[in-house]
Amino acid sequence: MPEPIKFIIDGKECTAEPGQTIYEAAKANGVYIPVLCHFEGLKPVGSCRICSVRVNGRWMAACTQPVAPGMVVENHTTEVEEYRRALIEMLFVEGNHFCPACEKSGNCELQALAYRYQIMVPGFPYLFPKKDIEAFPKFLLEHNRCVQCRRCIRAIQTPDGKKIFDMKNRSGRVRINVDRKLAAKLSEEEAQKAMDICPVGAILKKEVGFRIPIGKRKYDKKPIGSEIEESK
Ligand code: FES
């Protein structure tokens, strides 16, 4: 059996299985690192950088970087937390996130991160970009709320491996594109999966909004990350 890898996070000695990423190993050692684009079971792409840590002084994405022996990881430091906070604030000003009117409020990972980082007002000016909403037979795609995490692209495919969601355009004009013919064939379960895998309220299954009452929604009960911190 391969030897576990020894490394350090915020002064705590940790061990990792060979091949584990910093995020996976931290979680296994009861250390919370926030993520947004990453989702358990999907190939990490390292696009949002919310999981940024400093490793031996260099910035790295914890969800993609494998642990190496002797790594010294800075995770819960003022500098790292301020960097993540700025990224979360940027996501809020780059889109149009009106949480009180959103069906995903209380179940939204971006909103939950804002609560965790105690963001009352973003430190950047709102851009109020002009974005639209597209309707498909089983779901709505609310581009105002999309954070381009690409979870839907990675998770939702037809049984023969064709992607229903994709990315189009570049830079500030980048947006999720949907194959209309394939989307029309989505089952109820697949549409629900697409909604559930979306960390925000960008993919909404039709006719299911606001089913969970306030006070019973996922992050009404426990803050994001608490399941890891409780396992320490
Ligand atoms: Fe690691 Fe998005 S969670 S880059």
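Please refer to the structure placed before this passage.
Residues numbered from 1 in each chain as written. Predicted model: local features only at pLDDT ≥ 70, side-chain atom pairs only at ≥ 80, totals over all residues. Heavy atoms only, no water.

Caption draft 1: Here's a closer look at the packing of aromatic side chains. Counted according to the given criterion, the structure contains four aromatic pairs. Plain terms: the ring middles of Phe136 and Phe139 are 5.0 Å apart, the flat faces sit at 25° to each other, and that makes the pair stacked. Summarising the aromatic geometry, the rings of Phe139 and Phe165 are spaced 5.5 Å apart at their centres and angled 45° between planes, so their arrangement reads as tilted. With Phe139 in strand β7 (residues 139–142) and Phe165 in strand β8 (residues 165–168), this pair connects stretches of sequence that are 26 residues apart. Phe139 sits in the buried class, given a relative accessible area of 0%. (Phe/Tyr/Trp six-rings, centres within 6.5 Å; stacked < 30°, edge-to-face > 60°. Helix = DSSP H or I, 4+ residues; strand = E, 2+ residues; numbered from the N terminus. Buried < 20%, exposed > 50% of the residue type's maximum accessible area, 1.4 Å probe, protein only.)

Caption draft 2: Structural context of empty space enclosed by the protein. Enumeration according to the criterion identifies two cavities of 30 Å³ or more in this entry. Estimated volume of the largest cavity: approximately 100 Å³. The wall of the largest cavity is formed by 13 residues, among which His97, Cys99, Cys102, Cys108 and Arg145 lie closest to the centre. For the lining of the largest cavity, the residue count by class is seven nonpolar, four polar and two charged. A volume near 80 Å³ is recorded for the second largest cavity. What lines the second largest cavity is a set of 14 residues, and nearest its centre among them are Cys146, Cys149, Cys152, Cys198 and Ile203. (1 Å grid on protein atoms, 1.4 Å probe; cavity = no way out; pocket = protein on both sides within 12 Å on 5 of 7 lines; lining within 4 Å. Points joined across faces, edges and corners; volume = space filled by probe spheres on them. Nonpolar A, V, L, I, M, F, W, Y, C, P; charged D, E, K, R; others polar.)

Caption draft 3: Fine view of the sheet that holds strand β6 (residues 133–135). Read across the sheet, three strands follow the order β6-β7-β10 without closing on themselves; strand pairing throughout is antiparallel. Here the strands that pair on one side only, and so sit at the sheet edges, are β6 and β10 (203–205). Between one strand and the next, the sheet's axes are offset by a mean angle of 20°, whatever the strand orientation. The pairing of β7 with β10 spans three bridges and is antiparallel. The residue of β10 that forms the bridge with Leu141 is Ile203. (Pairing = 2+ DSSP bridges. Axes fitted to C-alpha atoms, helices over the stretch in contact; angles between N-to-C directions.)

Caption draft 4: Inspection of the layout of surface pockets at higher detail. Taken as a whole, the largest pocket encloses approximately 850 Å³ of empty space. Broken down by secondary-structure element, the contributors of at least two residues to the lining of the largest pocket are α1 (22–28), α6 (188–197), α7 (218–221) and α8 (226–230). The element that contributes the greatest number of residues to the lining of the largest pocket is α8, accounting for four residues. Residue composition of the lining of the largest pocket, grouped by class: 19 nonpolar, seven polar and 13 charged. Of the voids in this model, the second largest pocket is the one considered here, and its volume is about 570 Å³. Along the walls of the second largest pocket sit 25 residues, with Glu94, Lys131, Cys146, Gln148 and Val174 positioned nearest its centre.

Caption draft 5: Representation of unusual backbone geometry in the model. Phi at Gln118 is positive, roughly 50°, even though this residue is not glycine. Inspection of the secondary structure assignment puts Gln118 in the loop between α3 (109–116) and β6. Although it is not a glycine, Asn169 adopts a positive phi angle of roughly 65°.

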